[in-house]
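# Working through the structure, step by step
Okay, here's what each chain looks like letter by letter:
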Amino acid sequence: MRTFRVIDSHTGGEPTRTIVDGGPRLIGESIVEQIEDMKANHDGFRCSIVNEPRGSEVMVGAYLIPARDSNSHCGILFFNNVGYLGMCGHGTIGVVATLAYLGKIGPGTHRFETVAGPVSATLHTDSSVTIENVPSYRSHTEIELQVDGIGIIKADIAYAGNWFCLVASPSQDDLDRPISELLELASRILVACRRSYPEVDHVEIFGPPKTVPGDSRSFVLCPGGMYDRSPCGTGTSAKLACLAADAKLIEGETWVQESIIGSTFLGSYRWLDKSKGIVSPSITGRAFVNADVQVLVDENDPFAWGL
């Protein structure tokens, strides 16, 4: 019988399962080498944590590993039902809430290693968290995509720890459509986008906000075919990079990003290289710990390592 200790949390409705004890020892001199070792030799661990029968397709896993950089609290490997993520904004906020729950960190700024690069996270006294994401930028502007059943739409491509295809909602009430229809629409956009941009694995459809303080509402399709319940930390970062490039949001100004379920993140940015359109996005949100669980893996169970 194998056991793992996991702490579950949600950030704006999006779950994070943080593995704090019992995971595999990974080989590698860097976090990139370690995640490659996990992919090659321990992928069953990923499946057992986030996939059915004990997980779900919306779950994001965060495996805490020793930091290689002495200035970092730890490394974080993010993964979901189909593979691995370079960075995860809501997941980082969830990790900070988890570490605070465990008494391992207190208010202040903490540094973490991710596959996409180092990120910092400030735990505030009200338990909200501000993460400073990896350098983000827009790589392509208003590309034309031939989307099956829809026709030609225009989109931006941006990087913010993950690659995004950002599309303005074709009509005012598009984001009020049933979730099943939004999933179908975003999936068709992703297929069209990946014909020319295979690195893209997220789609962000954005439209008018629902609330008075909001600036935008978004529907984000994640790898694995499920949508983000939160406003998506890396997705909001990608949006900020596009706004900065278009001079629609000034440096340091706050942007309120709503999710499809109504939760919000506060976003802002600072320029890293204005000539190249590279920004450092900051995202503020809050996570709530909702379970402290010992996962049991019974070798006699044919589905012990996930479906």
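Residues numbered from 1 in each chain as written. Predicted model: local features only at pLDDT ≥ 70, side-chain atom pairs only at ≥ 80, totals over all residues. Heavy atoms only, no water.

## Some details on the pattern of salt bridges
Going through the model one piece at a time under the given rule, you end up with 14 salt bridges. The closest approach of N and O atoms between D8 and R17, which form a salt bridge, is 2.8 Å. Comparing D8 with R17, the two get one shared label, buried. With a shortest N-O distance of 2.9 Å, R138 and D246 are connected by a salt bridge. Residue R138 is located in strand 9 (residues 137-147), and its partner D246 is located in the loop between helix 5 (233-245) and strand 14 (255-258); the two are separated by 108 residues in the primary sequence. Overall, R138 belongs to the buried group, its relative accessible area being 17%. For D246, a relative accessible area of 36% gives the class partly exposed. (Salt bridge = Lys/Arg side-chain N within 4 Å of Asp/Glu carboxyl O. Buried < 20%, exposed > 50% of the residue type's maximum accessible area, 1.4 Å probe, protein only. Helix = DSSP H or I, 4+ residues; strand = E, 2+ residues; numbered from the N terminus.)

## Points about the nonpolar core
Ranked by size, the top nonpolar core spans 63 residues in total, and within it F112, L145, C165 and I189 carry the most contacts. Setting aside residues up to four positions removed in sequence, L145 forms contacts with G151, I152, I153, A155, C165, I189, A192 and C193. By size, the runner-up hydrophobic cluster in this structure holds 19 residues, among which are V6, I19, L26 and V50. (Core = buried A, V, L, I, M, F, W, Y, C linked by side-chain atoms within 4.5 Å. Contact = heavy atoms within 4.5 Å.)

## What about unusual backbone geometry?
The residue after E52, namely P53, is reached through a cis peptide bond having omega 10°. Relative to the helices and strands, P53 resides in the loop between helix 2 (43-50) and strand 3 (60-65). The residue S127 is not glycine, and still its phi comes out positive at about 75°. Of note, S127 is situated in the loop between strand 7 (117-123) and strand 8 (129-132). Backbone geometry at A247 places phi at a positive 55°, although glycine is not the residue there.

## What to know about the packing of helix 1 (residues 31-41) against helix 2
Two quantities define a packed helix pair, namely the angle between the axes and the distance from one axis to the other. For the pair helix 1 and helix 2, the least separation of the axes is 5 Å and the interaxial angle reads 80°. By the angle between their axes, helix 1 is roughly perpendicular relative to helix 2. Every residue of helix 2 that contacts helix 1 at M38, K39 and N41 is listed here: D43, F45 and R46. Of the residues that constitute the contact of helix 1 with helix 2, the class distribution is 2 nonpolar, 1 polar and 3 charged. (Axes fitted to C-alpha atoms, helices over the stretch in contact; angles between N-to-C directions. Parallel < 35°, antiparallel > 145°, perpendicular 65-115°, else oblique. Nonpolar A, V, L, I, M, F, W, Y, C, P; charged D, E, K, R; others polar.)

## Thoughts on the packing of aromatic side chains
Under the criterion given, the structure shown has 10 aromatic pairs. An angle of 85° between the planes, with centres 6.0 Å apart, marks the rings of Y137 and W163 as edge-to-face. Residue Y137 is located in strand 9, and its partner W163 is located in strand 11 (residues 163-168); the two are separated by 26 residues in the primary sequence. Accessibility expressed as a relative area gives 27% for Y137, which makes it partly exposed. Seen from their ring centres, F219 and Y227 are 5.5 Å apart, and the 20° between their planes marks the pair as stacked. Of the aromatic side chains, those joined through ring pairs into one cluster are F4, F45, Y63, F79, Y84 and W305. It is R229 that lies over the ring of Y227; its NZ or CZ is 4.0 Å from the centre. (Phe/Tyr/Trp six-rings, centres within 6.5 Å; stacked < 30°, edge-to-face > 60°. Lys NZ or Arg CZ within 6 Å of the ring centre and 35° of its normal.)

## Structural notes on the pairing of strand 12 (residues 202-207)
Two faces make up the sheet, and in a regular strand the side chains alternate between them. Taken across its 6 residues, strand 12 has 6 buried, putting it largely inside the fold. Here strand 12 shows a buried face lined by H202, E204 and F206 and a second buried face lined by V203, I205 and G207. When strand 11 meets strand 12, the two strands line up parallel, connected through 5 bridges. The residue of strand 12 that forms the bridge with C165 is V203. By the bridge criterion, 5 bridges tie strand 12 to strand 13 (residues 216-221) in an arrangement that is antiparallel. Across the sheet, I205 pairs through a bridge with F219, a residue of strand 13. (Pairing = 2+ DSSP bridges.)

## Structural notes on the side chain of D37
The topology assignment puts D37 in helix 1. R25 provides the closest opposite charge to the buried, salt-bridge-free D37, at an N-O distance of 8.9 Å. From its side chain, D37 meets the backbone nitrogen of I27 in a polar contact 2.9 Å long. Apart from the residues within four sequence positions on either side, D37 is in contact with R25, L26, I27 and H42. (Lys, Arg positive; Asp, Glu negative; His and termini not counted. Polar contact = N/O pair within 3.5 Å; in protein donor to acceptor, adjacent residues only side chain to side chain.)

## Examining helix 4 (residues 179-194)
For helix 4, which comprises 16 residues, the first-to-last C-alpha distance of 22 Å matches the rise-based estimate of 22 Å (1.5 Å per residue) to within 8%. Taken as a whole, helix 4 has its buried residues at L182, L183, L185, A186, I189, L190, A192 and C193. Residues of helix 4 that are buried sit in contact with strand 9, strand 10 (151-159), strand 11, strand 12 and strand 13. (Expected span 1.5 Å × (residues − 1).)

## Regarding the environment of N133
When you line up the elements, N133 lands in the loop between strand 8 and strand 9. Spatially, the C-alpha atom of N133 lies 9.4 Å from that of A116, the residues being 17 residues apart in sequence. Those residues in contact with N133 that sit more than four places away from it in its chain are M87, V119, A160, T234, S237, S280 and P281. Of the polar contacts made by the side chain of N133, one reaches the backbone oxygen of A160; its length is 3.0 Å. In terms of polar contacts, N133 uses its side chain to reach the side chain of S237, at 3.1 Å.

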